[in-house]
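# Structure at a glance
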Protein chains: 2
Amino acid sequence: MSAPLILISNDDGIQSPGLRALCEALLPLGEVVVMAPEVERSAVGHAITISDPLRVTEVDLKLDGVTAYACSGTPADCVKLAVLSILPQRPDLVVSGINHGSNTGVNVIYSGTVSAATEGAILGIPSLAVSLDYRGSGNLEPSKIIARRIAAGVLETGLPTGTLLNVNIPDLPAEQLPPGWQEGHGYDLTVHGKSDWQDHFDRRVDPQDRVYYWLTGQRREIEEESNTDEETLKAGRVSITPLHFDLTDHRAREALASWELFKPA
Amino acid sequence: MSAPLILISNDDGIQSPGLRALCEALLPLGEVVVMAPEVERSAVGHAITISDPLRVTEVDLKLDGVTAYACSGTPADCVKLAVLSILPQRPDLVVSGINHGSNTGVNVIYSGTVSAATEGAILGIPSLAVSLDYRGSGNLEPSKIIARRIAAGVLETGLPTGTLLNVNIPDLPAEQLPPGWQEGHGYDLTVHGKSDWQDHFDRRVDPQDRVYYWLTGQRREIEEESNTDEETLKAGRVSITPLHFDLTDHRAREALASWELFKPA
């Protein structure tokens, strides 16, 4: 059997240290091809480009054995284009990251990093997103080991169709990470939490006296469940949340069933 | 009690006929304010703008009683900015649409129309997205009545926190719509389906001999469940799907629980 083909993308752009670290981490597992946005594309959600052409440029990342392309599109575009048009065969795994900053709670909805993995899952390929909860040190070495352990597990076992894994890693020195992290044990199987942002817009005036608005905000924790992504990360543990893109709110369906709107005519 | 305040947005842009139709439809229910993208922003998913300023311009839609603003951002930006900075008070309802084309199956993930309603739900406001499965005639009159009926129902009953409604309306002459549609009965409470796109990229060469790629594809129906959004729409019925943005794949959680990665160290 030939080595697995691993597609790597991100939303921080082709030149990001996290992307480089992810390549180094996964090279021992198979053949690595990168297709990443040519510039940073954070908070683009699951945007795809339909009204403009996409451009692709080969980039030399100076990493032996890695072929890399920069794309003018979004993270979801990168994965779609690589899988459908660029790669010689269907990849065995899509990995997005390592993102500079966590992707938990409502951030998951806005995240370009997660959207690259979502696109992989939509295409039926086992996919994961990896984010480091950057808080200053940003040492990527532990994250590389953790990402490799999880990727190896997914390559071995596969994932249910339509499921992707959202991995969040605390920014801690190796000795403060939970026991077993280097051997690939003791990670937490979490749920997607509800922590969000207390957003507001700065109203400012430009040099031409025109008003503009700039989004800003503080993280807010609203956790009704235990075992959430954000809570696990804050406890200094590695969070792995299985996500899907079936958005049906089944609980609400029951509540709504008695509405007039759904009465037979 | 004062009239409800209704915020309208979309992804087809401030000048779209569907937006105008929605304003006309909802004016009898309360005060209507529009904040919509200044240009078309389809397939932007839940993108928000964090690295650029947002601009807002008041626009005269020539509709008595409607205040309207065009925004330089995405649909999600429009709703966030209107609620947090522009509106005099918190709206009672956010309605996005009427979209030119259905938003069912995997399209829901890419949809800017749905993302405007998702942003409303994230902000804790009852929200709905309305799309017409445009197939030629595009007569918006039945959709106006249906949108008003559903909006009135939501204003009266509210929605569970975190739930939004995704409404899809077939493009049929009035007499072919299901019985009761004018009175607000006989709509279908559906689930988010799995129909997707058989995507491919056209590889082309520009006048400067540089390669570019353009996304194209055909709709593909993959329905494992009955009662899906797409199937209901194709049967000529009005589909209302309650969606949420808790993305946890609970079924996968059970399957993954026995993985080595989650064993205690």
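So, here's what we can say about the structure. (Residues numbered from 1 in each chain as written. Chains lettered and ligands numbered in written order. Predicted model: local features only at pLDDT ≥ 70, side-chain atom pairs only at ≥ 80, totals over all residues.)

## Looking at the overall build of chain A
Secondary structure assignment for chain A yields seven helices and 11 strands. Computed over its C-alpha atoms, the radius of gyration of chain A comes to 20 Å, within 12% of the 18 Å expected for a compact globule of 265 residues. Taking the principal axes of the C-alpha coordinates as reference, chain A spans close to 60 × 50 × 45 Å. (Helix = DSSP H or I, 4+ residues; strand = E, 2+ residues; numbered from the N terminus. Rg over C-alpha atoms; globule rule 2.2 N^0.38 Å.)

## Describing the environment of Gly 184 of chain A
Inspection of the secondary structure assignment puts Gly 184 of chain A in the loop between strand 7 (164-170) and strand 8 (188-189). Residue classification places Gly 184 of chain A among the partly exposed residues on the basis of 19 C-beta atoms within 10 Å. When residues no more than four places from it in sequence are discounted, the contact partners of Gly 184 of chain A are Arg 149 and Gly 153 of chain A together with Glu 260 and Leu 261 of chain B. (Buried ≥ 20, exposed ≤ 12 C-beta atoms within 10 Å, placed from the backbone. Contact = placed C-beta atoms within 7 Å.)

## Comments concerning the relation of the copies chain A and chain B
Note on the copies: chain A fits chain B at an RMSD of 0.0 Å, the axial shift is 0.0 Å, and the rotation between them is 180 degrees. The transformation just described matches what one would write down for a two-fold rotation axis. A shared interface surface links the copies, since 100% of the contact residues of chain A are contact residues in chain B too. (Least-squares fit on C-alpha atoms with pLDDT ≥ 70 in both.)

## Some remarks on the interface of chain A and chain B
Contact residues are listed per partner, giving 71 residues for chain A and 71 residues for chain B. Residue assignment for the side of chain A that touches chain B shows that the elements contributing at least two residues are helix 2 (75-86), helix 3 (107-110), helix 4 (112-122), helix 5 (141-157), strand 9 (196-205), strand 10 (211-220), strand 11 (239-243) and helix 7 (250-256) of chain A. Looking at the side of chain A that touches chain B, the element that brings in the most residues is strand 9 of chain A, giving five residues. Taken together, the residues of the side of chain A that touches chain B sort by class into 41 nonpolar, 19 polar and 11 charged. (Nonpolar A, V, L, I, M, F, W, Y, C, P; charged D, E, K, R; others polar.)

## A look at the packing of helix 1 (residues 17-26) of chain A against helix 5 of chain A
Residues and elements named next belong to chain A. Look at helix 1 against helix 5: their axes get within 9 Å of each other, and the N-to-C directions meet at 50 degrees. Between helix 1 and helix 5, the angle is such that the two are oblique. For the element pair helix 1 and helix 5, the recorded crossing hand is right-handed. Each of Ala 21, Leu 22, Glu 24, Ala 25 and Leu 26 in helix 1 lies in contact with helix 5, whose residues at this interface are Ser 143, Lys 144, Ala 147, Arg 148 and Ala 151. Of the residues that constitute the contact of helix 1 with helix 5, the class distribution is six nonpolar, one polar and three charged. (Axes fitted to C-alpha atoms, helices over the stretch in contact; angles between N-to-C directions. Parallel < 35°, antiparallel > 145°, perpendicular 65-115°, else oblique. Left-handed = near helix turned anticlockwise from the far one by under 90°.)

## Observations concerning the environment of Thr 74 of chain B
Residues and elements named next belong to chain B. One can find Thr 74 in the loop between strand 4 (66-71) and helix 2 (75-86). For Thr 74 and Val 44, which are 30 residues apart along the polypeptide, the C-alpha to C-alpha distance reads 7.2 Å. If we skip the residues at most four places from it in the chain, Thr 74 touches Pro 37, Arg 41, Val 44, Ala 47, Ile 48, Thr 49 and Gly 112.

## As for the nonpolar core
Ranked by size, the top nonpolar core spans 138 residues in total, and within it Leu 22 and Leu 128 of chain A together with Leu 22 and Leu 128 of chain B carry the most contacts. Among residues more than four places away in sequence, those in contact with Leu 128 of chain A are Val 95, Ala 117, Ile 150, Ala 151, Val 154, Leu 164, Leu 165 and Val 167 of chain A. (Core = buried A, V, L, I, M, F, W, Y, C linked by C-beta atoms within 7 Å.)

## A closer look at unusual backbone geometry
In this model, Gly 97 of chain A is joined to Ile 98 of chain A through a cis peptide bond whose omega is -10 degrees. Take Ile 98 of chain A: it is sitting in strand 5 (residues 93-100). Phi is positive for Lys 62 of chain A, which is not a glycine, with a value near 55 degrees. The backbone of Asn 227 of chain B sits at a positive phi, close to 70 degrees, despite the residue not being glycine. Residue position: Asn 227 of chain B is located in the loop between strand 10 (211-220) and helix 6 (229-234). Its 15 C-beta neighbours within 10 Å are what place Asn 227 of chain B among the partly exposed residues.

## Some remarks on the sheet that holds strand 7 of chain A
All names here are of chain A. Read from one edge of the open sheet, nine strands run 3-4-2-1-5-6-7-11-8, paired in mixed fashion. With partners counted over all chains shown, the strands left at the sheet margins are strand 3 (56-59) and strand 8, one partner each. The pairing of strand 1 (residues 5-9) with strand 5 spans four bridges and is parallel. Residue pairing across strands places Leu 7 opposite Val 94, the latter belonging to strand 5. Lying over the sheet, helix 2 contacts strand 1, strand 2 (31-37), strand 3, strand 4 (66-71) and strand 5, oriented at roughly 135 degrees with respect to strand 2. (Pairing = 2+ DSSP bridges.)

## So, helix 5 (residues 141-157) of chain B
Residue and element names in this part refer to chain B. Between its first and last C-alpha, helix 5 extends 25 Å over 17 residues, near the 24 Å set by a 1.5 Å rise per residue. What helix 5 keeps buried is the set Pro 142, Ser 143, Lys 144, Ile 146, Ala 147, Arg 149, Ile 150, Ala 151, Gly 153 and Val 154. Contacts made by the buried residues of helix 5 are with helix 1 (17-26), strand 5 (93-100), strand 6 (127-133), strand 7 (164-170) and strand 11 (239-243). Positive backbone phi, approximately 75 degrees, marks Gly 158, located one or two places after helix 5. (Expected span 1.5 Å × (residues − 1).)

## So, the sheet that holds strand 3 (residues 56-59) of chain B
Residues and elements named next belong to chain B. Pairing is mixed across the open sheet formed by nine strands, whose spatial order is 3-4-2-1-5-6-7-11-8. Of all the strands in the sheet, the pair left with one neighbour each is strand 3 and strand 8 (188-189). The pairing of strand 8 with strand 11 spans two bridges and is parallel. The partner of Leu 189 across the bridge, within strand 11, is Ile 240. In the packing of helix 1 onto the sheet, contacts are made with strand 1 (5-9), strand 2 (31-37), strand 4, strand 5 and strand 6, and the angle to strand 5 comes to roughly 140 degrees. Contacting strand 1, strand 5, strand 6 and strand 7, helix 4 (residues 112-122) runs over the sheet at an angle of about 170 degrees to strand 6.

## Here we look at the pairing of strand 6 of chain B
Residue and element names in this part refer to chain B. Burial runs high along strand 6: seven of the seven residues are buried. Every second residue of strand 6 is oriented toward a common face, with Ser 127, Ala 129, Ser 131 and Asp 133 on one face and Leu 128, Val 130 and Leu 132 on the other, all of them buried. Pairing of strand 5 with strand 6, which is carried by five bridges, proceeds in the parallel orientation. Looking at the pairing, Val 95 lines up with Leu 128 of strand 6. One ladder, built from seven bridges, connects strand 6 with strand 7; its direction is parallel. Bridging across to strand 7, Asp 133 finds its partner in Pro 170.

By themselves, these are just geometric observations and shouldn't be taken as functional.
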